[in-house]
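Take a look at the letters that make up each chain.
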Amino acid sequence: MQRFIIEMGMGNDLHGMDYTKAAGRAIEDALRHSSIPLFGALGLDHAEMRVQVTVAVQEPERVDCAALTARLPRGRAEVRAVHGGLNVTNPDSKEVTVIAQAAVEAFLSKQV
């Protein structure tokens, strides 16, 4: 498989400390930055594309990767969570803002 696109995004959850919500917003941000006319131009089926998403948050075990995978619109998708991102604590309220980063990569067979 040959990677033909990589997009990056950032998302957050300001009040709920929901890592899946922050990661989902990061993925959506990355997807909004991309348009792939290749499929229409060459008559390719989106099912031929493998989509690999990596999301980075401070507590990756709290990300529901299966739920995020189900929300991806095209291709054979996989989401994995790794340590990264940022938690920012409000010094007054002690509320934590979760910030996530996402890298969305798309791959096609070299024979296509």
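A brief structural summary. (Residues numbered from 1 in each chain as written. Predicted model: local features only at pLDDT ≥ 70, side-chain atom pairs only at ≥ 80, totals over all residues. Heavy atoms only, no water.)

## So, the environment of Arg-25
Selection criterion: Counting from the N terminus, the helices are DSSP H or I runs at least four residues long and the strands are E runs at least two residues long. Only protein chains enter the area calculation, which uses a 1.4 Å probe; residues under 20% of their type maximum are buried, those over 50% are exposed, and those in between are partly exposed. Should any heavy atoms of two residues lie within 4.5 Å, those residues are considered in contact.
Within the secondary structure, Arg-25 sits in helix H1 (residues 19-32). For Arg-25, a relative accessible area of 36% puts it in the partly exposed group. Considering only alpha carbons, one finds Arg-25 and Val-96, 71 residues apart in sequence, at a separation of 17 Å. If we ignore the near neighbours within four places in the chain, the residues touching Arg-25 are Met-10, Gly-11, Asn-12 and Asp-13.

## Comments concerning the pairing of strand E3 (residues 76-83)
Worth spelling out the cut-off: Criterion used throughout: strands pair if DSSP finds at least two bridges between them. Handedness of a crossover is defined as follows: with both strands directed away from the viewer, a clockwise route from the first strand across the helix to the second makes it right-handed.
Sheet analysis places strand E2 (residues 50-57) next to E3, joined by 8 bridges and oriented parallel. Opposite Val-53, over in E3, you have Val-79 as the bridge partner. Tracing the backbone out of E2, into helix H3 (residues 65-70) and back to the parallel element E3 gives a crossover that is right-handed.

## Here's the deal with the nonpolar core
Where a protein is soluble and globular, its nonpolar side chains tend to be buried together. Note the following rule: Here, nonpolar core refers to any group of buried Ala, Val, Leu, Ile, Met, Phe, Trp, Tyr and Cys residues whose side-chain atoms link them within 4.5 Å.
Of all hydrophobic cores here, the largest spans 24 residues; its most connected members are Ile-27, Val-53, Val-55 and Val-63. Of all the secondary-structure elements, those providing two or more residues to this core are H1, E2 and strand E5 (96-108). Contacts of Val-53, omitting those with residues within four sequence positions, involve Ile-27, Leu-72, Glu-78, Val-79, Arg-80, Ala-103 and Val-104.

Distances and angles like these do not, on their own, reveal function.
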